[in-house]
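Coordinate inspection notes
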Amino acid sequence: MSTVLEQLREMTTVVADTGDVDAVKAWNPVDCTTNPSLVLAALKDEASEELVQAEIEAGKKSGKDAKGVVDTLTVAVGARLAGLIPGRISTEVDANLSFNTAASVDLARAIIADYAERGIDKNRVLIKLASTWEGIRAAEILQGEGIDCNLTLLFEHAQAVACADAGAYLISPFVGRITDWYKKAEGRDHYAPDEDPGVLSVRGIYDYYKSNKIDTIVMGASFRSTDQIKALAGCDNLTIAPKLLEALQAEEAELPRVLSADNATGVAPVTMDEATFRWQLNANPMATEKLAEGIRNFDKDHQTLIRMVQERMAG
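Residues numbered from 1 in each chain as written. Predicted model: local features only at pLDDT ≥ 70, side-chain atom pairs only at ≥ 80, totals over all residues. Heavy atoms only, no water.

Before going further, it helps to examine the packing of aromatic side chains. Two descriptors summarise a pair of aromatic rings, namely the distance from one centre to the other and the angle between the planes of the rings. The full count for this structure, using the stated rule, is four aromatic pairs. Seen from their ring centres, W133 and F277 are 5.2 Å apart, and the 55° between their planes marks the pair as tilted. Within this pair, whereas W133 is found in helix α7 (residues 133–144), its partner F277 is found in helix α13 (residues 274–282), the two being separated by 144 residues in sequence. Take W133: its relative accessible area is 12%, and that puts it in the buried class. For the ring pair W181 and Y182, a centre distance of 5.0 Å and an interplane angle of 80° mean the geometry is edge-to-face. It is R88 that lies over the ring of Y169; its NZ or CZ is 4.4 Å from the centre. The ring of W133 carries the charged tip of R137 above its face, separated from the ring centre by 4.4 Å. (Phe/Tyr/Trp six-rings, centres within 6.5 Å; stacked < 30°, edge-to-face > 60°. Helix = DSSP H or I, 4+ residues; strand = E, 2+ residues; numbered from the N terminus. Buried < 20%, exposed > 50% of the residue type's maximum accessible area, 1.4 Å probe, protein only. Lys NZ or Arg CZ within 6 Å of the ring centre and 35° of its normal.)

Here it is, written out as structure tokens:
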């Protein structure tokens, strides 16, 4: 019998939720995704030392400050990963720009230009933006320029609707973080897959998209268990950490397909303007808290990156 991972790959595009080169080589994902936490791990990894030092020296010669070096280092890590996969590499815009549409667009364009200088076409890159109203508007502008976007930190259905309306290429609803919040709020330590709030959130988004023939790719992210992954078998994409990939590869059991466009229920489209978006996000305490927390944590890692690079440049 095929392993669960092998069966999953027959119905879902598997993405590696890691920036570790050895893990990418081992699991051969179609796409890779990065964020400041993963780039920070690369900075601390001895195997990445040559790449890191090269970017620091190049930054010094060109007069870049530590923040500028971090920007190019992020692209360098992405470029290295792009050389190992057939698909796309996601690269994140600074979290502290999550409420600044114009600055997000400017940095995204700079990221694409840096990739181009390294011989990587924009069609191999996804620009990651937080699913704030401003981030979604930035995605709308970038998509209009032929720059595909991955809208991340997505916790509320209104975010998914707005992303679709903006023509986003892909969204990343965060399954595990949703479940974490509800476990704490409801005093529970476990949910069966069919009642897991994170799983149900992605299923609802998937149904809405397929019911309305929306092209935006749904990529479930932030998993805590293989049960959550298996409960979303058939989703367009799933980004999975190496430890869970290993568990799926080790398991031999039948994996039934759970999600299919053929089973869409025909849910009606809704109108999503800015006022409605902000109200629905505000009305959902889980989404409000997890979005703000995610932005803060990504920014914290980004600031740590800048400090570490600054120390390296000074040394």
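And the narrative resumes.
Residues L170 and S172 point to one face of strand β6 (residues 170–173) and I171 and P173 to the other, with burial holding for every one of them. As paired strands, strand β5 (residues 149–154) and β6 are joined by three bridges and run parallel to one another. Note on β6: the bridge partner recorded for L154 is P173. Inspection of the sheet shows β6 paired to strand β7 (residues 217–220) by two bridges, in the parallel sense. (Pairing = 2+ DSSP bridges.)

Tracing the backbone shows H302 in helix α14 (residues 285–314). Residue classification places H302 among the buried positions, given a relative accessible area of 5%. Look past the residues within four positions of H302 in its chain and what remains in contact with it is P36, K67, V70, D71 and D94. (Contact = heavy atoms within 4.5 Å.)

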